[in-house]
Amino acid sequence: MSLAARHLEENGIPTVVFGCARDIVERCGVPRFVFSDFPLGNPTGKPYDLDMQRAVLSLGLDLLVEATAPGTTVVTPYEWSADPSWKDKVLTKEQPFLDPESTKKWLERKEKYRALKATGKI
Amino acid sequence: MNRETASHVRYIDKTREYYQAEGYGKPYEWAHFDDIPFTPFASVGKPLSGCRVGVVTTSEMARRGVEAGPEDPRRLVYALATDIPADELYSRKAAYDRYATTLDDVDSYLPLTHLHRFAAEGRIGAVAPRFQMIQSEYSQRKTLTVDAPEILKQMREDRVDVAVLTAV
């Protein structure tokens, strides 16, 4: 996603990225970034909170226009929960990132991709 | 309060630790560049109220009631119309924090409803006729040489002025 933003920007299209993984996006480096300190999944506001969603999008549109330098991050002023314990549970044995079925699909897809690559089609 | 709850989650560190504990080998090398490209908004040559806004997302959207078909192992960029009502769309993405949240509300990660409202109110000129799905790929080469150029091509066809990208 960050790489796509960079490519558009290199080709004359100003971009703004919305995301929740600040370290990953900032390590890559994107022109404009709206960061929500939320669990992965809701980069444009909490589910069913229309006012927040509109405000987050609005921050991004302002950033598109107003940023004067690349690598500008705006942090949304919202807290996911008064209880921050969700952060400690991310990517732990107790909470595997993918469920077993998705992990199986992921591994199968990798195999198919490798096979396709071996044929020279991709 | 420990280091993690005091600030944002360190996904790079956590991913490395998690997959090493699972027995995977070499840790993933996340993309990193010293330089960041920049196109000043002024170069677009018109106000935001005259701009056509493109949308890209990693949220693997599909339309309800439409047979999704078998998954393409090449995982190419695909597009859907932006005028599909949000409640007719759903995400097939499995990689998100399913313990802490849901992807049930499309506008919490793909803000089509709000973009259409901003267009109706004159804040932006218009929403591009289609939005693009890009897969989160292990291969940065594939993203750079296949996916990103395809998105650029489609956005040029659609005369997109500025782009909103949402990473789920």
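Residues numbered from 1 in each chain as written. Chains lettered and ligands numbered in written order. Predicted model: local features only at pLDDT ≥ 70, side-chain atom pairs only at ≥ 80, totals over all residues.

Novice: Before we go on, may I ask you to explain the domain arrangement of chain A in this structure?
Specialist: For interface size, the figure often reported is the accessible area lost on association. The domain boundaries assigned to chain A delineate domain 1 (2-80) and domain 2 (91-122). For domain 1 of chain A and domain 2 of chain A, the distance between their C-alpha centres works out to 28 Å. (Domains from an automatic or database assignment.)

Novice: Looking at this structure, I do not really get the interface of chain A and chain B. What am I missing?
Specialist: Taken residue by residue, the interface counts 66 residues in chain A and 62 residues in chain B. Secondary structure elements with two or more residues in the side of chain A that touches chain B: helix H1 (2-10), strand S1 (15-19), helix H2 (22-28), helix H3 (50-66), helix H4 (86-89) and helix H5 (100-118) of chain A. (Contact = placed C-beta atoms within 7 Å. Helix = DSSP H or I, 4+ residues; strand = E, 2+ residues; numbered from the N terminus.)

Novice: What is the right way to look at the nonpolar core in this model?
Specialist: Here is a general trend for soluble globular proteins: nonpolar side chains tend to be buried in one another's company. A:Ala4, A:Val17, B:Val53, B:Ala163 and B:Leu165 are the most contacted members of the largest nonpolar core, which totals 60 residues. Here this core gets 5 residues from one element, more than from any other, and that element is H3(A). Apart from the residues lying within four places of it in its own chain, the contact partners of B:Ala163 are A:Leu8, A:Ile13, A:Thr15, B:Gly54, B:Val56 and B:Met155. (Core = buried A, V, L, I, M, F, W, Y, C linked by C-beta atoms within 7 Å. Buried ≥ 20, exposed ≤ 12 C-beta atoms within 10 Å, placed from the backbone.)

Novice: Got a minute to help me understand the environment of B:Ala62 in this structure?
Specialist: Residues and elements named next belong to chain B. Here Ala62 shows up in strand S2 (residues 61-63). Ala62 gets classed as partly exposed once you count the C-beta atoms within 10 Å, which come to 18. Distance in space between the C-alpha atoms of Ala62 and Asp161 is 25 Å, their sequence separation being 99 residues. Each residue touching Ala62, except ones within four places of it in the same chain, is listed here: Ala68, Tyr90 and Arg92.

Novice: Hey, could you run me through the packing of H1(A) against helix H4 (residues 140-157) of chain B in this one?
Specialist: To describe two helices that pack against each other, one gives the angle between their axes and the distance between the axes. Where H1(A) contacts H4(B), the two axes come as close as 9 Å, and the packing angle between them is 50°. Between H1(A) and H4(B), the interaxial angle falls into the category oblique. Crossing geometry of H1(A) relative to H4(B) is assigned as right-handed. Where H1(A) approaches H4(B), its residues A:Leu3, A:Ala4, A:His7 and A:Leu8 are matched on the opposing element by B:Gln140, B:Thr143, B:Leu144, B:Asp147, B:Ala148, B:Ile151, B:Leu152 and B:Met155. Here the residues of the contact of H1(A) with H4(B) sort into 8 nonpolar, 3 polar and 1 charged. (Axes fitted to C-alpha atoms, helices over the stretch in contact; angles between N-to-C directions. Parallel < 35°, antiparallel > 145°, perpendicular 65-115°, else oblique. Left-handed = near helix turned anticlockwise from the far one by under 90°. Nonpolar A, V, L, I, M, F, W, Y, C, P; charged D, E, K, R; others polar.)

Novice: Would you take a moment to explain the domain arrangement of chain B for this structure?
Specialist: Domain assignment breaks chain B into domain 1 (1-30) and domain 2 (39-166). Just the C-alpha atoms count here: the centres of domain 1 of chain B and domain 2 of chain B sit 28 Å apart.

Novice: Can you help me understand the pairing of strand S7 (residues 162-166) of chain B in this one?
Specialist: In the case of a regular strand, side chains alternate between the two sheet surfaces. Residues and elements named next belong to chain B. In terms of burial, S7 is a largely internal element, 5 of the 5 residues being buried. On S7, burial covers both faces: Val162, Val164 and Thr166 on one face and Ala163 and Leu165 on the other are all buried. Bridging between strand S1 (residues 52-57) and S7 involves 5 bridges; their strand directions are parallel. Note on S7: the bridge partner recorded for Val53 is Val162. (Pairing = 2+ DSSP bridges.)

Novice: Hey, could you run me through the environment of B:Cys51 in this one?
Specialist: Residues and elements named next belong to chain B. Structurally, the position occupied by Cys51 is in the loop between helix H2 (11-21) and S1. Take Cys51: there are 23 C-beta atoms within 10 Å of it, and that puts it in the buried class. Placed 74 residues apart in sequence, Cys51 and Gly125 show a C-alpha to C-alpha distance of 4.6 Å. Non-local contacts of Cys51, meaning those with residues more than four positions away in its chain, are made with Val44, Lys46, Ile124, Gly125, Asp161 and Val162.

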